[in-house]
Amino acid sequence: MGTEESKKRPLVFAYYVTGHGFGHATRVVEVARNLILAGHDVHVVTGAPDFVFTSEIQSPLLFLRKVLLDCGAVQADALTVDRLASLEKYSETAVVPRASILATEVEWLKSIKADFVVSDVVPVACRAAADAGIPSVCITNFSWDFIYAEYVMAAGNHHRSIVWQIAEDYSHCEFLIRLPGYCPMPAFRDIIDVPLVVRRLHKSRKEVRKELGIGEDVKVVILNFGGQPAGWKLKEEYLPTGWLCLVCGASESQQLPPNFIKLAKNAYTPDIMAASDCMLGKIGYGTVSEALAYKLPFVFVRRDYFNEEPFLRNMLEYYQGGVEMIRRDLLTGHWRPYLERAMTLNPCYEGGTNGGEVAARILQDTAYGKNYTLDKLSGPRRLRDAIVLGYQLQRVPGRDLCIPDWYANAENELGLRTGSPTAVTAENNSLTDSYPQDFEILHGDILGLSDTLSFLKSLAGLDALIDSPTKTGKHSIRERKAAAGLFNWEEDIFVARAPGRLDVMGGIADYSGSLVLQMPIREACHVAVQKIHPSKQRLWKHALARQQAKGQGPTPVLQIVSYGSELSNRGPTFDMDLSDFLEGDEPITYEKSRQYFARDPSQRWAAYVAGTVLVLMKELGIRFENSISLLVSSAVPEGKGVSSSASVEVASMSAIAAAHGLNISPRELALLCQKVENHVVGAPCGVMDQMTSACGEANKLLAMVCQPAEVLGLVDIPGHIRVWGIDSGIRHSVGGADYGSVRIGAFMGREIVKSIASKLLSQSLSTNGNHPDESEEDGVELLEAEASLDYLCNLSPHRYEAMYAKMLPESILGESFAEKYTDHRDPVTTIDKARNYGVRAAARHPIYENFRVKAFKALLTSATSDDQLNALGELLYQCHYSYSDCGLGSDGTNRLVQLVQEMQHSKASKSGEGTLYGAKITGGGSGGTVCVIGRNSLKSSEQILEIQRRYKAATGYLPILFEGSSPGAGKFGYLRIRRRNPPKQN
């Protein structure tokens, strides 16, 4: 480090290392090595294995002290952080014994006569140094107050004091030596930026390959998941032909295919990386920094709740060094396209890699008394970091955690150095695609939703079809051609988005007034709408001919294009004169609208979209003076029981309302959309589908009492619990006879209960006269309520069993019911007098389901345990078999539930922590999708994929898997967009 410094006395450094993974320890090695080269003693306080340090440093000046003073982030598995467990473990490790830790560390620091304390990035070390009167510095790319703050908000508000204590501890250090890829860290007073800290290479690529017996022409990928791939079933076919995979951290018992090579536990990873052609692993500072330094393409898999990841990912992608692999493809071995893509990358990091040397010099100089010039803009920098921290924590649920463009802009405006390059300056960075370049967004935000971005890109590509008809993308030529002429690019377009939903609990009990718990899924419907004067609308030829035949000038026309028509055997386009919805000055009746859309079976689908216009006319008195052009693009598969129809209705009405300046609340919009389905389409659905699509939020369950639509709020899904949907391949329809007959049976049951209650009430009053005692009075009040029962779910299970269960008929003929009770009083179904209807099971189901849903909701907030998960799963199973009792089961859904049970009760699950706990049929039943609940872990994901494989082996059908969540239409709002450089139109 120079001759002048070498004349000064050797120093004693105490270097504290966080217990979070090996990445921190490996970078500490490089800084410590340089301090030792300068002749200083370095006492490392760590929980990492000795070999991490001794393989690189063989010196009597290195002292290792095995003490763990924090715990970092607790991982449920290689790819999932358990947020609540992390907070509780930190509390146990660092908060409860804090006083004794501080006393012990102060005493130890004095005993070794420490001159300086370095922390990466243990909070209490800074406070202990201050108490001992020793200066300290932190070296890091993130701080634990940033990481834990999000955990506190999402999972453990009662641990919020942890964040303040950590930030206060950090404030005692002199300054922060900040590493590239950093997060906002407002707790530190001043900062000094340094280059990447990476370990040096010991051997050349050629030497390493020779030792491993690998030829220079062989493609090699290093599998680097931080020593946690044990138990994964790696298969030979995962790799492209001729490739080899070097596996880090494999257990001694793990059997590998011939094209996978198990590395020694103490293998020196930097040498292995430099000898490989690409790396497959999870993002961390060590993997990212060394991949950039060695120009090694990095195929990465995201980790749940790993909050430093977006900043490291951004840096990796900025230097064109990363390819993201989705988790499912990692587990199923679909590696080939990612590895081949990685080989086309040209990582371009040319910055410094001597951060360890630079940091060591700064530490030495500071310890010797050199006063580094403090940044005069440290106040604005800390304010900016605090604002960004708040931005990150308050982001929309379900939105990808990205870095705002203005984070870099603020740095530039303040004249600060940018150590973490952001997407705004990158030319070939995938994050630059997170904002649509072809449209100016005049209102709204895409919320980081990749499907919305894709929709806008497809919208922008429509004009290219006019010039090159062969460029049709993933949609049919007919659909794209129709859509290409739909919009006037010089006018504003309004875009809405509405997701499908997974029925977690409640299902068909919604029409009986039950509490329901519904989750909006990741798949959604997008609708683009343009309101345009009839004279400017580009009509299709037949629509123009129709107007000319009427001898009219331009009149308002509704033109619709719907993508995906070939998948469901329907027409891709629909158009109508909006005057067809009028009789004189008044809207036509709903009955006439059903007849209107029933004329052509291939166009019946249009009722879900165009029906929103009629409902707005009838219910809100809206009159449409302009034409409407509308494009529907839905990723919610039809017939799977995940509310494809509700998502289309909600997205369509949201976009139309936005285009016409209508301010409709999400709840009111959902109720209007239910009218579309009930009265225009003619399907007797409840309201939960539309409510979830409109009012739901990502990663939360919408809790609603369907009487008719009282939203109780949003219920968090605890971090250790995960929910999936698995499609049976059996088409579901709420318009089907089974669903309708069970609904009729439930309403018949309600009327019979009311009739029985009325008779019992009359008998009670006549027996007791006008002076009943208190207990009799209570009984009378109960009977009075039950005699006027609005919803079956207002009848408790014990009252049902005590008073009515044995008196309800198993079934009844429609004609017999009508003779005795006149009507079942359901406005959306009609009794067939010649049909026999099941009553007892249909009435019993919603009464017990309401109780099950309440229990499920309460359990979600109970203490984390296997008992909690087992109870949640059992409630799902009970619901499933109750559906079957009603006649709403199916072979496919029963098989899926059976597969979940086989997985749950297998020896493998019993020997360790169980992972899957329950499953049920969803929605209207008779096919569709099964909801599965389990532990949020990698093992659960593997078991879900195994169920997919077994189901395909048994049926020949590979089920669609629904995982993930996204915001409802109300949270999304709408986009008003305008083409930046509109193409010329004829």
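Computed from a predicted structure; not experimentally measured. (Residues numbered from 1 in each chain as written. Predicted model: local features only at pLDDT ≥ 70, side-chain atom pairs only at ≥ 80, totals over all residues. Heavy atoms only, no water.)

**Student:** I tried to follow the sheet that holds strand S1 (residues 12-17) on my own but got confused; where do I start?
**Tutor:** Strand pairing in a sheet relies on backbone hydrogen bonds, with the paired strands running either antiparallel or parallel. Here we have 7 strands laid out as an open sheet, ordered S3-S2-S1-S6-S7-S8-S9, and parallel in their pairing. Strands with a single pairing partner mark the edges of an open sheet, and in this sheet they are strand S3 (62-66) and strand S9 (191-193). Strand-to-strand twist of the sheet, defined as the mean angle between neighbouring strand axes without regard to direction, takes the value 20 degrees. Looking at chain direction, S1 and strand S2 (residues 41-46) are connected through 5 bridges and run parallel. Looking at the pairing, Ala14 lines up with His43 of S2. Helix H5 (residues 98-111) rests against S1, S2, S3 and strand S6 (116-120) of the sheet, and its axis sits at about 150 degrees to S1. (Pairing = 2+ DSSP bridges. Helix = DSSP H or I, 4+ residues; strand = E, 2+ residues; numbered from the N terminus. Axes fitted to C-alpha atoms, helices over the stretch in contact; angles between N-to-C directions. Contact = heavy atoms within 4.5 Å.)

**Student:** Help me out: how do you make sense of the side chain of Glu308 in this one?
**Tutor:** In this structure, Glu308 sits in the loop between strand S14 (298-301) and helix H12 (309-318). For the buried Glu308, which has no salt bridge, the nearest side chain bearing the opposite charge is Arg27, at an N-O separation of 5.8 Å. Among the polar contacts listed, one links the side chain of Glu308 to the side chain of Asn141, at a separation of 2.9 Å. If near-sequence neighbours (up to four positions away) are discounted, Glu308 is found in contact with His20, Asn141, Phe142, Ile147 and Cys183. (Buried < 20%, exposed > 50% of the residue type's maximum accessible area, 1.4 Å probe, protein only. Lys, Arg positive; Asp, Glu negative; His and termini not counted. Salt bridge = Lys/Arg side-chain N within 4 Å of Asp/Glu carboxyl O. Polar contact = N/O pair within 3.5 Å; in protein donor to acceptor, adjacent residues only side chain to side chain.)

**Student:** Would you take a moment to explain the nonpolar core for this structure?
**Tutor:** If you look at soluble globular proteins, the nonpolar side chains tend to sit buried side by side. Counting residues in each nonpolar core, the largest one holds 62 residues, and the members touching the most others are Val31, Phe53, Ile139, Ile177 and Leu363. Residue contributions to this core reach at least three from each of two domains, namely domain 1 (10-195 + 357-392) and domain 2 (203-342). Apart from the residues within four sequence positions on either side, Phe53 is in contact with Ala25, Val28, Val29, Val44, Thr46, Ala48, Leu62 and Leu64. Counting residues in hydrophobic clusters, the runner-up holds 59 residues, among them Phe597, Phe624, Ala657 and Cys695. (Core = buried A, V, L, I, M, F, W, Y, C linked by side-chain atoms within 4.5 Å. Domains from an automatic or database assignment.)

**Student:** How should I be thinking about the packing of aromatic side chains in this particular structure?
**Tutor:** Given two aromatic rings, their pairing is described by the distance between the two centres and the angle made by the two planes. A complete count under the given rule lists 24 aromatic pairs for this structure. A centroid spacing of 4.8 Å and a plane angle of 85 degrees characterise the contact between Tyr318 and Tyr319, whose relative ring orientation is edge-to-face. Classification of Tyr318 by relative accessible area gives partly exposed; the value is 24%. Here the aromatic cluster, defined as three or more aromatic residues joined through ring pairs, consists of Tyr90, Phe142, Trp144, Tyr148 and Tyr151. Over the aromatic face of Phe306 sits the side chain of Arg303, whose NZ or CZ is 3.6 Å from the ring centroid. (Phe/Tyr/Trp six-rings, centres within 6.5 Å; stacked < 30°, edge-to-face > 60°. Lys NZ or Arg CZ within 6 Å of the ring centre and 35° of its normal.)

**Student:** Where do I start with the confidence of the model for the protein in this structure?
**Tutor:** Close inspection of predicted coordinates is inappropriate in any region flagged by low pLDDT. Taken residue by residue, the protein gives an average pLDDT of 87. The fraction at 70 or more is 88%. Here residues 395-434 is modelled with pLDDT under 50, and outside its nearest four sequence neighbours on either side it reaches 96 contacts, counting other chains as well. (pLDDT = per-residue confidence, 0-100.)

**Student:** Sorry if this is basic, but what is going on with helix H2 (residues 23-37) here?
**Tutor:** Side chains of residues three or four places apart in an α-helix project in the same direction, reflecting 3.6 residues per turn. Given a rise of 1.5 Å per residue, 15 residues ought to cover 21 Å, and the 22 Å separating the end C-alpha atoms of H2 matches this to within 8%. In terms of burial, H2 is largely enclosed, as 13 of its 15 residues are buried. Taken from the residues just after H2, Gly39 is the one with a positive phi, measuring 95 degrees. (Expected span 1.5 Å × (residues − 1).)

**Student:** Before we go on, may I ask you to explain the packing of H2 against helix H15 (residues 355-367) in this structure?
**Tutor:** In a packed pair of helices, the relevant descriptors are the angle between the two axes and the axis-to-axis distance. Contact geometry for H2 and H15: axes closest at 8 Å, N-to-C directions at 55 degrees. Classified by the angle their axes make, H2 and H15 are oblique. Crossing hand, H2 versus H15: right-handed. Residues Glu30, Val31, Asn34 and Leu35 of H2 lie in contact with H15, whose contacting residues are Gly356, Glu357, Ala359, Ala360 and Leu363. Among the residues forming the contact of H2 with H15, the class breakdown is 5 nonpolar, 2 polar and 2 charged. (Parallel < 35°, antiparallel > 145°, perpendicular 65-115°, else oblique. Left-handed = near helix turned anticlockwise from the far one by under 90°. Nonpolar A, V, L, I, M, F, W, Y, C, P; charged D, E, K, R; others polar.)

**Student:** Is there a simple way to explain the state of the cysteines in this structure?
**Tutor:** The bond known as a disulfide is covalent and runs between the sulfur atoms of two cysteines. By the definition in use, this model includes 0 disulfides. Counting only cysteine sulfurs, Cys879 is the nearest neighbor of Cys886, a cysteine outside any disulfide, at a range of 9.4 Å. The buried category is assigned to Cys886, whose relative accessible area is 13%. (Disulfide = S-S within 2.5 Å.)

**Student:** What is the right way to read the pattern of salt bridges from this model?
**Tutor:** Pairing is possible between side chains that carry opposite charge, provided their charged atoms lie close to one another. Overall, the coordinates contain 48 salt bridges when judged by the stated rule. Between Arg546 and Asp575 there is a salt bridge, and its shortest N-O distance comes to 2.7 Å. Here Arg546 is found in helix H21 (residues 541-549), whereas its partner Asp575 is found in strand S20 (residues 573-577), with 29 residues between them in sequence. By relative accessible area, which is 12% here, Asp575 ends up buried. Sharing partners across several salt bridges, the network here consists of Glu30, Arg33, Glu56 and Arg200.

**Student:** What is the right way to read the packing of helix H24 (residues 606-620) against helix H25 (residues 644-659) from this model?
**Tutor:** With their axes 9 Å apart at the nearest point, H24 and H25 run at an angle of 50 degrees to one another. Classed by the angle they form, the pair H24 and H25 counts as oblique. As for how H24 packs across H25, the hand of that crossing is right-handed. Seen from H24, the contacting residues are Tyr608, Val609, Thr612, Val613, Val615 and Leu616; seen from H25, they are Ser645, Val648, Glu649, Ser652, Met653 and Ile656. Counted by class, the contact of H24 with H25 contains 8 nonpolar, 3 polar and 1 charged residues.

**Student:** What is the right way to look at the environment of Asp190 in this model?
**Tutor:** Here Asp190 is to be found in the loop between strand S8 (176-178) and S9. A relative accessible area of 8% means that Asp190 is categorised as buried. Through-space distance from the C-alpha of Asp190 to that of Glu174 is 7.5 Å; in sequence the pair is 16 residues apart.

**Student:** Just checking my understanding: could you explain unusual backbone geometry for this structure?
**Tutor:** Of all residues except glycine, most have a negative phi; of all peptide bonds, most are trans. Across the junction of Asp120 and Val121, the peptide omega takes the value -15 degrees, indicating a cis bond. Within the secondary structure, Val121 is located in the loop between S6 and helix H6 (123-132). A cis amide bond, omega -5 degrees, links Gln707 with the succeeding residue Pro708. Position of Pro708 relative to the elements: it lies in the loop between strand S24 (700-705) and strand S25 (710-716). A positive phi is found at Ser643, a non-glycine position, where the angle reads about 65 degrees. Tracing the sequence through the fold places Ser643 in the loop between strand S23 (627-634) and H25. The phi dihedral of Ser926 falls on the positive side, at around 55 degrees, and the residue is not glycine. Here Ser926 is to be found in the loop between strand S29 (916-921) and strand S30 (929-935).

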